[in-house]
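Summary of structural features
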Amino acid sequence: MKFCPNCGSKLDFEVKICPVCKFEQPEWAEKEEKVSKLWWFVPFFLGVLGGFAAWSINKERNEKLANRLLIFGIVWSIIWGIVYFFLKILLPP
Ligand SMILES: [Zn+2]
């Protein structure tokens, strides 16, 4: 989602000309909205669940980053799953 710099209407990213005011959209208006870097801590601490939460909250604002947060949550959980698995094997109770 982006906003028309002329009239402030909500527009899809693909829209080149604002349907409300016919303003031609400049390049910079196509960039995704900034999402706080702090969102990376959510999947970092909560794994897949945090990844899904960060994804569902941010997907409207910045789909690419939301997808990356989700993938990070999944991959991070798999890494910890593998580490836990090997610790279980290597360290007998
Ligand atoms: Zn407009």
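Residues numbered from 1 in each chain as written. Predicted model: local features only at pLDDT ≥ 70, side-chain atom pairs only at ≥ 80, totals over all residues.

A few words now on the overall build of the chain. Of regular secondary structure, the chain possesses 2 helices and 2 strands. Put simply, the chain runs from its N terminus to its C terminus through helices and strands in the order β-β-α-α. A globule of 93 residues ought to have a C-alpha radius of gyration of about 12 Å, yet the chain, at 20 Å, is considerably larger. If you line up the chain on its principal axes, its C-alpha atoms span 70 × 15 × 15 Å. Classification of the 93 residues of the chain by burial places 17% in the buried group. For the chain, contacts bridging at least 24 residues in sequence account for 32% of all contacts bridging at least 6. (Helix = DSSP H or I, 4+ residues; strand = E, 2+ residues; numbered from the N terminus. Rg over C-alpha atoms; globule rule 2.2 N^0.38 Å. Buried ≥ 20, exposed ≤ 12 C-beta atoms within 10 Å, placed from the backbone. Contact = placed C-beta atoms within 7 Å.)

The contact between helix H1 (residues 41–58) and helix H2 (residues 63–90) brings their axes to 7 Å, and the two run at 160°. Considering the angle they form, H1 stands roughly antiparallel to H2. For the element pair H1 and H2, the recorded crossing hand is left-handed. The residues of H2 that touch H1, namely those facing Pro43, Phe44, Gly47, Val48, Gly50, Gly51, Phe52, Ala54, Trp55 and Asn58, are Leu65, Ala66, Asn67, Leu69, Leu70, Phe72, Gly73, Ile74, Trp76, Ser77 and Trp80. Taken together, the residues of the contact of H1 with H2 break down into 14 nonpolar, 7 polar and no charged. (Axes fitted to C-alpha atoms, helices over the stretch in contact; angles between N-to-C directions. Parallel < 35°, antiparallel > 145°, perpendicular 65-115°, else oblique. Left-handed = near helix turned anticlockwise from the far one by under 90°. Nonpolar A, V, L, I, M, F, W, Y, C, P; charged D, E, K, R; others polar.)

This part is about the domain arrangement of the chain. Assigned domains within the chain: domain 1 (1–31) and domain 2 (33–93). Taking the mean C-alpha position of each, domain 1 and domain 2 sit 32 Å from one another. (Domains from an automatic or database assignment.)

Another aspect to go through is the nonpolar core. Among the nonpolar cores identified, the biggest contains 9 residues, and these are Trp39, Val42, Ala54, Trp55, Leu65, Ala66, Leu69, Leu70 and Phe72. When contributions to this core are tallied by element, the ones reaching two or more residues are H1 and H2. Of the residues forming this core, the biggest block, 5 residues, is contributed by H2. Among residues more than four places away in sequence, those in contact with Leu70 are Gly51, Phe52 and Trp55. (Core = buried A, V, L, I, M, F, W, Y, C linked by C-beta atoms within 7 Å.)

Turning next to H1. Taking 1.5 Å of rise per residue, 18 residues should cover 26 Å, yet H1 covers just 14 Å from first to last C-alpha, more than 12% shy of that figure. By the largest-angle criterion, Gly47 marks the main kink of H1, which is about 150°. Among all positions of H1, only Val42, Pro43, Gly47, Gly50, Gly51, Ala54, Trp55 and Asn58 are buried. Those residues of H1 that are buried lie in contact with H2. (Expected span 1.5 Å × (residues − 1). Bend = angle between axes of the 7 residues up to and from the residue.)

Turning our eyes to something else, we now look at the environment of Asp12. Along the polypeptide, Asp12 turns up in the loop between strand S2 (10–11) and H1. Residue Asp12 is classed as exposed on the basis of its C-beta count, with 8 C-beta atoms lying within 10 Å. With 33 residues separating them in the primary sequence, Asp12 and Phe45 have C-alpha atoms 32 Å apart.

When the terminal C-alpha atoms of H2 are compared, their 40 Å separation across 28 residues agrees well with the 40 Å that a helix rising 1.5 Å per residue should span. Considered for burial, the residues of H2 that qualify are Leu65, Ala66, Leu69, Leu70, Phe72 and Gly73. Taken together, the buried residues of H2 touch H1.

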